[in-house]
Amino acid sequence: MTEIALLSSRESDVLAHFARGFTYSQIGRRLGIAVSTVDTYMRRVRAKTGAANTAELVRLGLQIDWPRS
């Protein structure tokens with residue numbers, strides 16, 4: 001099982017936006033959620049994937065099929 005498979009759909013969406021250079025504020029506006037919610041999703045992503053730094057998060061996020069159909 002890949003690390004990506006551990007993520008919920010929303011966590012994957014947030015991570016994909018992050019990996020493509022969007023700020024937490026921009027992600028929140030695009031997805032219609034609060035910045036604090038974006039932060040919560042990113043903390044969950046880090047916990048589930050074990051990503052130690054931003055580079056690892058970007059690497060994972062770029063593997064996500066985005067945008068979703």
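To start, this report covers the structure provided alongside it. In this text the structure is predicted, and so the values were computed from the model without any measurement.

**So, helix H4 (residues 54-61)**
Here comes step 1: Within H4, the full set of buried residues consists of Leu57, Leu60 and Gly61. Across the axial projection of H4, the buried residues extend over an arc of 95°, all falling on one side.
Here comes step 2: Looking at the buried side of H4, the elements it contacts are helix H1 (9-19) and helix H3 (35-49).
Here comes step 3: One side-chain oxygen of the residue at the start of H4 lies 3.2 Å from the amide nitrogen of alanine 55, identifying that residue as asparagine 53.

**Some details on the packing of H1 against H3**
Here comes step 1: One way to put it is that H1 packs onto H3 with a least axis distance of 9 Å and a crossing angle of 95°. Taken together, the axis directions place H1 and H3 in an arrangement best described as roughly perpendicular. Where H1 approaches H3, its residues Arg10, Glu11, Val14, Leu15 and Phe18 are matched on the opposing element by Val38, Tyr41, Met42, Arg44, Val45 and Lys48.
Here comes step 2: Its residues assigned to classes, the contact of H1 with H3 comprises seven nonpolar, no polar and four charged.

**Let's talk about the side chain of glutamate 11**
Here comes step 1: By the secondary structure assignment, glutamate 11 is in helix H1.
Here comes step 2: Under the relative-accessibility criterion, glutamate 11 is labelled buried at 3%.
Here comes step 3: A distance of 2.9 Å separates the side chain of glutamate 11 from the side chain of lysine 48, its partner in a polar contact.

**Describing the packing of aromatic side chains**
Geometry of an aromatic ring pair is reported as the spacing of the ring centres plus the angle between the planes.
Here comes step 1: Overall, the coordinates contain one aromatic pair when judged by the stated rule.
Here comes step 2: Between phenylalanine 18 and tyrosine 24, the aromatic rings sit 6.1 Å apart at their centres with planes inclined by 65°, giving edge-to-face as the arrangement.
Here comes step 3: The buried category is assigned to phenylalanine 18, whose relative accessible area is 16%.

**Some points on the side chain of threonine 49**
Here comes step 1: For threonine 49, the position within the fold is in helix H3.
Here comes step 2: A polar contact of 2.7 Å, which involves the side chain of threonine 49, links it to the backbone oxygen of valine 45.
Here comes step 3: Within polar-contact distance, the side chain of threonine 49 engages the backbone nitrogen of alanine 51 at 3.3 Å.
Here comes step 4: Ignoring any residue separated from it by four or fewer positions in sequence, one finds threonine 49 in contact with Glu3, Leu7 and Leu60.

Rules behind the numbers
- Residues numbered from 1 in each chain as written.
- Predicted model: local features only at pLDDT ≥ 70, side-chain atom pairs only at ≥ 80, totals over all residues.
- Heavy atoms only, no water.
- Buried < 20%, exposed > 50% of the residue type's maximum accessible area, 1.4 Å probe, protein only.
- Helix = DSSP H or I, 4+ residues; strand = E, 2+ residues; numbered from the N terminus.
- Arc of directions from axis to C-beta.
- Contact = heavy atoms within 4.5 Å.
- Polar contact = N/O pair within 3.5 Å; in protein donor to acceptor, adjacent residues only side chain to side chain.
- Axes fitted to C-alpha atoms, helices over the stretch in contact; angles between N-to-C directions.
- Parallel < 35°, antiparallel > 145°, perpendicular 65-115°, else oblique.
- Nonpolar A, V, L, I, M, F, W, Y, C, P; charged D, E, K, R; others polar.
- Phe/Tyr/Trp six-rings, centres within 6.5 Å; stacked < 30°, edge-to-face > 60°.

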